[in-house]
Amino acid sequence: MITRRRLLETSILAAGVLLLPRAVWAFTMEQAPVKLDQMRQLACTEKRQHADLIAEALSKAEGLTEAEKAQAMAAFDCPYCGCALDPKNPPVG
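Residues numbered from 1 in each chain as written. Predicted model: local features only at pLDDT ≥ 70, side-chain atom pairs only at ≥ 80, totals over all residues. Heavy atoms only, no water.

Caption draft 1: Representation of the overall build of the protein chain within the structure. On a plain count of helices and strands, the protein chain comes out with four helices and zero strands. Along the protein chain, helices and strands appear, N-terminal first, in the series α-α-α-α. Counting the 93 residues in the protein chain, one finds 10% classified as buried. Sequence-distant contacts in the protein chain: of pairs separated by 6 or more residues, those separated by 24 or more amount to 54%. Counting only carbon and sulfur atoms, one obtains 62% of the accessible surface of the protein chain, whose full area is about 8200 Å². (Helix = DSSP H or I, 4+ residues; strand = E, 2+ residues; numbered from the N terminus. Buried < 20%, exposed > 50% of the residue type's maximum accessible area, 1.4 Å probe, protein only. Contact = heavy atoms within 4.5 Å. Areas by Shrake-Rupley, 256 points an atom, 1.4 Å probe, with all protein chains shown as cover.)

Structure (structure tokens):
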């Protein structure tokens with residue numbers, strides 16, 4: 001014999017399982033609009049911006065050894081495009 005408590009438990013569980021796929025659909029990936037993607041690509045096309053950021057970071061790292069500077073520079077990213085600011089391997093653009 002099924003009790004009211006068991007009926008409520010199973011119906012709540014079933015409703016949760018049925019609603020789960022809809023909750024997962026809330027986090028879908030979409031392609032960026034063309035205009036936004038163009039703006040992202042143009043954000044750091046000028047190498048001068050990256051050179052200025054690298055110079056500023058290196059000026060603040062004065063007094064450090066080369067290994068410490070390399071470690072510190074590995075932690076820096078361009079705030080505009082996300083490129084790694086590595087003085088030995090400048091971004092293409």
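Caption draft 2: Fine view of the pattern of salt bridges. All chains considered together, the criterion is met by two salt bridges. Measuring nitrogen to oxygen at the nearest pair gives 3.4 Å for the salt bridge that ties E9 to R6. Pair noted here: E9 and R6 are both in helix 1 (residues 4-24), with a separation of three residues, about one helical turn. Ionic pairing is found between E56 and K60, a salt bridge with its closest N-O pair at 3.5 Å. Here K60 and E56 lie together in helix 3 (residues 47-60), a separation of four residues that amounts to about one turn. (Salt bridge = Lys/Arg side-chain N within 4 Å of Asp/Glu carboxyl O.)

Caption draft 3: Inspection of the nonpolar core at higher detail. Judged by nonpolar contacts, I54, A57, M73, C78 and L85 together constitute the single largest core of five residues. If sequence neighbours within four positions are ignored, A57 has contacts with M73 and F76. (Core = buried A, V, L, I, M, F, W, Y, C linked by side-chain atoms within 4.5 Å.)

Caption draft 4: How the structure looks around helix 3. With 14 residues, helix 3 should cover 20 Å at 1.5 Å per step; its first-to-last C-alpha distance of 20 Å lies within 8% of that length. Residues H50, I54 and A57 constitute the buried set of helix 3. Seen from one end, helix 3 has its buried residues packed into an arc of 65°, which puts them on one side. Exposed side chains of helix 3 directed beyond 90 degrees from the buried face belong to R48 and K60. For helix 3, the secondary structure elements touched by its buried residues are helix 4 (66-74). (Expected span 1.5 Å × (residues − 1). Arc of directions from axis to C-beta.)

Caption draft 5: Structural view of the confidence of the model for the protein chain. Confidence along the protein chain averages 75 in pLDDT terms, with 75% of residues attaining 70 or more. Per-element mean pLDDT across the protein chain ranges from 73 in helix 1 up to 82 in helix 4. (pLDDT = per-residue confidence, 0-100.)

Caption draft 6: Just the environment of H50, in detail. Locating H50 in the fold gives a position in helix 3. The class for H50 is buried, based on a relative accessible area of 3%. C-alpha separation for the pair H50 and A84, spaced 34 residues apart in sequence, amounts to 9.4 Å.

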